[in-house]
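Topology and contacts: notes
Here are the chains, one letter per residue:
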Amino acid sequence: MLISQKKILGLIVLLVIIACNDNGPVNLQKETQEKIAARTINEDDLSKIEYVEFGLSTDSRESVVDWQKYNELAVQIESLKKANIEFFNREPGLITTFTKEIRDEMPKVLQTKEISARMTALDTKIQKLNSLLRLKTASKDEKVKGIEELFIAFRNLKLQINKKFEFEKNNVFKPE
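For clarity, every value in this text was computed on a predicted model and none was experimentally measured. (Residues numbered from 1 in each chain as written. Predicted model: local features only at pLDDT ≥ 70, side-chain atom pairs only at ≥ 80, totals over all residues. Heavy atoms only, no water.)

Observations regarding the overall build of the protein
Looking only at helices and strands, one finds 8 helices and 0 strands in the protein. Within the protein, counting contacts between residues at least 6 apart in sequence, those at least 24 apart form 80% of the total. Counting only carbon and sulfur atoms, one obtains 56% of the accessible surface of the protein, whose full area is about 12,500 Å². (Helix = DSSP H or I, 4+ residues; strand = E, 2+ residues; numbered from the N terminus. Contact = heavy atoms within 4.5 Å. Areas by Shrake-Rupley, 256 points an atom, 1.4 Å probe, with all protein chains shown as cover.)

See the structure below:
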């Protein structure tokens, strides 16, 4: 019962053709819309964030009118509230440059210890959000929490700017 060499060669060719089938790996899963939605941040997710937002007083608005990076950040945060994460999802080097520039361009009138502390907190939250958005293993809840922390840090900066001008307006003296 010898099998001829032609039959063996034919069998090998047939096995190679079957093995090279174009169906791709069997384990490849197609991503469903549900999986995409489960990790995509949308406006509904962000509307569930609860925090008190502060606007700037008239004096405060006048102090930041020429502070271009602050105004750019305010626009980007408003855009973030509509689930546009592009700005905060950029390369870390660009984010670091932006946060350095916002601090460097701060008007002299706002350069106090209290405002500087809020700027440091804001910088930290921007960097953290950037890391979370770029990290593939971060959950949607972690990203939303990072956005919430950024909103609160920005609110606290605005509150501190308002306090500075309120104290000056009311001639509140700090003990030395």
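And the narrative resumes.
Considering the packing of helix H6 (residues 92-104) against helix H7 (residues 113-134)
Packed helix pairs are specified by the crossing angle of their axes together with the interaxial distance, meaning the distance between the axes. In contact at an axis separation of 10 Å, H6 and H7 are set at 165° when each is read in the N-to-C sense. By the criterion of interaxial angle, the relationship of H6 to H7 is roughly antiparallel. Between H6 and H7 lies a crossing whose hand is right-handed. The residues of H7 that touch H6, namely those facing Pro92, Ile95, Thr96, Thr99, Ile102 and Arg103, are Ser116, Met119, Thr120, Asp123, Ile126, Gln127, Asn130 and Arg134. When grouped by side-chain class, the residues that make up the contact of H6 with H7 number 5 nonpolar, 6 polar and 3 charged. (Axes fitted to C-alpha atoms, helices over the stretch in contact; angles between N-to-C directions. Parallel < 35°, antiparallel > 145°, perpendicular 65-115°, else oblique. Left-handed = near helix turned anticlockwise from the far one by under 90°. Nonpolar A, V, L, I, M, F, W, Y, C, P; charged D, E, K, R; others polar.)

Some points on unusual backbone geometry
Not every positive phi belongs to a glycine, and Ala83 is a case in point at roughly 70°. Counting through the fold element by element, Ala83 comes out in the loop between helix H5 (68-80) and H6.

Considering the packing of H7 against helix H8 (residues 140-169)
Two elements in contact, H7 and H8, have axes whose closest approach is 9 Å; the angle formed by their N-to-C orientations is 165°. Taken together, the axes of H7 and H8 are roughly antiparallel relative to one another. Handedness of the crossing formed by H7 with H8: left-handed. Split by residue class, the contact of H7 with H8 holds 14 nonpolar, 3 polar and 8 charged.

Some remarks on H7
With 22 residues, H7 extends 32 Å from end C-alpha to end C-alpha; this agrees with the ideal 32 Å at 1.5 Å per step. Of the positions making up H7, those classed as buried are Ile115, Met119, Leu122, Ile126, Leu129, Asn130, Leu132 and Leu133. Each buried residue of H7 sits inside an arc of 160° when the element is viewed along its axis, so together they form one side. Close packing links the buried residues of H7 with H5, H6 and H8. (Expected span 1.5 Å × (residues − 1). Buried < 20%, exposed > 50% of the residue type's maximum accessible area, 1.4 Å probe, protein only. Arc of directions from axis to C-beta.)

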